[in-house]
Amino acid sequence: MALNAKQRKHLKALAHHRKPVVHVGNAGVTAPVVREITQALDAHELLKIRLPGVERDARHALLEQVCEATGAEAVQEIGRVAVIYRRAKKPRLKFPE
């Protein structure tokens, strides 16, 4: 599902007050990390993840790996924190008209 600008804006607002659920360590995107992110996406649909303190391009590459491995879509990336979204089988989040 490709998100349009209005949907991204809505998801950014919903994610603003949330805390990061999963922390990606210096080892990168490992199988246990992918498993935890998948479980968190199943439970929440929208979540924040904290990326390691490496260069910006390396963090962006890690975020792309996470999205590819979990089937999620990146909503926002600010510094070491990223917001990702994956629609659940029974969606709980409502998008504006």
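Up top is the structure these notes are about.
So, here is what we can say about the structure in this document. Because the structure is a prediction, the values reported are computed rather than measured.

## Some details on helix 2 (residues 31-44)
- Between its terminal C-alpha atoms helix 2 stretches 20 Å, which fits the 20 Å expected from 14 residues at 1.5 Å a residue.
- The complete set of buried residues in helix 2 reads V33, V34, I37, A40 and L41. For helix 2, the angular spread of buried residues about the axis comes to 130°, placing them on one side.
- Looking at the packing, one finds that the buried side of helix 2 touches strand 1 (20-23), strand 2 (46-50), helix 3 (56-70) and strand 4 (81-85).
- Looking one or two residues past helix 2, E45 carries a phi angle of roughly 70°, positive in sign.

## Focus: the environment of A15
- By the secondary structure assignment, A15 is in helix 1 (residues 5-15).
- Counting along the chain gives 60 residues from A15 to V75, while the straight-line C-alpha distance between them is 9.5 Å.
- Sequence-distant contacts of A15, that is, excluding residues within four places in its chain, are made with L46, K48 and V83.

## A closer look at the packing of aromatic side chains
- Applying the stated criterion to the full structure yields one aromatic pair.
- An angle of 80° between the planes, with centres 5.8 Å apart, marks the rings of Y85 and F95 as edge-to-face. With Y85 in strand 4 and F95 in the segment after strand 4, this residue pair connects regions lying ten residues apart in the sequence.
- For Y85, a relative accessible area of 3% translates into the label buried.
- Owing to a relative accessible area of 19%, F95 belongs among the buried residues under this scheme.

## What to know about the sheet that holds strand 4
- Spatial ordering of the open sheet is given by 1-2-4-3, a layout of four strands whose pairing is mixed. The open sheet has two free edges, formed respectively by strand 1 and strand 3 (73-78), since each of these has just one partner strand. In this sheet, adjacent strand axes meet at a mean angle of 30° when their direction is disregarded.
- Bridge count for strand 2 against strand 4 is five bridges, and the pairing is antiparallel. Bridge pairing in strand 4 places L47 opposite I84.
- Sheet strands touched by helix 1: strand 2, strand 3 and strand 4. Its angle to strand 3, the strand with the most contacts, is close to 60°.
- Each of strand 2, strand 3 and strand 4 is contacted by helix 3, which is oriented at about 155° to strand 3, the strand it contacts most.

Cut-off values and rules
Residues numbered from 1 in each chain as written. Predicted model: local features only at pLDDT ≥ 70, side-chain atom pairs only at ≥ 80, totals over all residues. Heavy atoms only, no water. Helix = DSSP H or I, 4+ residues; strand = E, 2+ residues; numbered from the N terminus. Expected span 1.5 Å × (residues − 1). Buried < 20%, exposed > 50% of the residue type's maximum accessible area, 1.4 Å probe, protein only. Arc of directions from axis to C-beta. Contact = heavy atoms within 4.5 Å. Phe/Tyr/Trp six-rings, centres within 6.5 Å; stacked < 30°, edge-to-face > 60°. Pairing = 2+ DSSP bridges. Axes fitted to C-alpha atoms, helices over the stretch in contact; angles between N-to-C directions.

In short, geometric facts, not functional conclusions.
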